[in-house]
Amino acid sequence: MNQRKRIGILTSGGDCPGLNAVIRAVVSYATTQYNWEVRGIPYATQGLLERKSVVLNQYGIERHGTDPLLSMGGSILGSLNKGHTEAQSAEIIAGYHDLELDALIAIGGDGSLALLQNLARRGNWNLVAVPKTIDNDVAHTVLSIGFNSAVSTILDALDRLSYTAASHDRVMVVEVMGRTTGHLALHSGIVGGADAILIPEIPYSLDSLCKQIQHLRTLCGRKFAIVVVAEGAKTAEGEGRYYKDALGEVRLRGIGEYIATEIEQRVGVETRVTVLGHVQRGGAPSALDRLIATGFGKYAVDLVASENYGVMVAWHNDSVVTVPLDDVFADSPRLVDPKGFWAETARSLDIYIGEETAIVEPIALVGSGETVYSDQ
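These numbers come from a predicted model, not from an experiment.

Colleague: I'm lost on helix H1 (residues 19-33) in this one. Help?
Modeller: The terminal C-alpha atoms of H1 lie 21 Å apart, and with 15 residues this matches the ideal 21 Å at 1.5 Å per residue to within 8%. Of all 15 residues in H1, 13 are buried; the element is thus mostly enclosed. One or two positions beyond H1, positive phi appears at Asn35, with a value near 60°.

Right, dumping it as structure tokens:
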């Protein structure tokens, strides 16, 4: 417990607001309370592969009495969401030991954390995980770092788009992130006053969607409408919209255009599409994300102190708890419950969110053997 440790910290997968706030909490607590050395690993597993690290200390983070990390988006360590060959994996495993780390705190989503857990098992690492993702699909935590900030960003966009939609009597289709889950679309749609929310978990009918818009125009006297659609939502025929980029990776894109075209053709109303893209990942973290990130960072350090490894910190009942990583991966991704509280809340507010309560399977390219990535 009192032995001076050298711990590593890295950010893996897509970036989001709040990552630097975790780093800040880990460094401040570990250096001042435990007198440990904290080493930042640049670009996640790439840093381990190349045996790179930088010593982090409280003075370096809180220079001249300022504390920029609380409000800084992205990650000062850089991030990586690419896989590695088997030979590279062996080198990454060795990198942890060559850097003489006593433990590693990894901040990531379910995919990147699963990769790191596999490496940790093979290489006998001491791993503590911190969940982050704007999709909020990591199992066994009510909130992941970045989700609340992304919802706030989308809310700001929906507020702005509502004014221009009303001015021109238009339908605005807003495509947000959400490759396999619709938490982001559902939450932002509710707080942003959306008239329809389409997500991967719940099938929908174009006829019903268009009736909702027509109802607003004829019976309610409101000539504009806001439709929020997750990038991973399928067409009415059950197909995903995607393209192959210049590097050969298949990425989701186009469901917003598909919905807008159908609305224009069926309702005869001018419809515009906004794809928010990387805007959702950027910017300063919200107050709630800063709070959760700070709690996660502090608790992760305590887990290292007690040598409780192979676990993830999680947010439950306004507090931080510990969850075995095996349980997290067994139950991820955490999908929207079609009969859950927020889905029922949306329905009670006359927001159209689909036809049935059956869960739709995540998008896959049948027979291609290819993985579909978020376009964001």
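Colleague: What's the story with the packing of aromatic side chains in this structure? I'm lost.
Modeller: The geometry of an aromatic ring pair comes down to the distance between the two centres and the angle between the two planes. Going through the model one piece at a time under the given rule, you end up with four aromatic pairs. Between Tyr29 and Tyr34, the ring centres sit 5.4 Å apart and the planes meet at 80°, which makes this aromatic pair edge-to-face. With relative accessibility at 22%, the residue Tyr34 sits in the partly exposed group. Measuring from ring centre to ring centre gives 5.0 Å for Tyr96 and Trp125, while their planes differ by 20°; the resulting arrangement is stacked. On the criterion of sequence distance, the pair formed by Tyr96 in helix H4 (residues 86-98) and Trp125 in the loop between helix H5 (110-123) and strand S5 (127-131) is long-range, its members being 29 residues apart. As far as the burial class goes, Tyr96 and Trp125 line up, both buried. Among the aromatic residues, those joined into a ring-pair cluster are Tyr29, Tyr34 and Trp36. One cation-aromatic arrangement involves Arg222 over Phe224; the distance from NZ or CZ to the ring centre is 4.6 Å.

Colleague: What's the story with unusual backbone geometry in this structure? I'm lost.
Modeller: With an omega of 0°, the peptide bond running from Ser332 to Pro333 counts as cis. Not every positive phi belongs to a glycine, and Tyr43 is a case in point at roughly 55°. In this structure, Tyr43 sits in the loop between strand S2 (37-40) and helix H2 (45-49). For Glu100, which is not a glycine, the phi torsion comes out positive at approximately 55°.

Analysis parameters
Residues numbered from 1 in each chain as written. Predicted model: local features only at pLDDT ≥ 70, side-chain atom pairs only at ≥ 80, totals over all residues. Heavy atoms only, no water. Helix = DSSP H or I, 4+ residues; strand = E, 2+ residues; numbered from the N terminus. Expected span 1.5 Å × (residues − 1). Buried < 20%, exposed > 50% of the residue type's maximum accessible area, 1.4 Å probe, protein only. Phe/Tyr/Trp six-rings, centres within 6.5 Å; stacked < 30°, edge-to-face > 60°. Lys NZ or Arg CZ within 6 Å of the ring centre and 35° of its normal.

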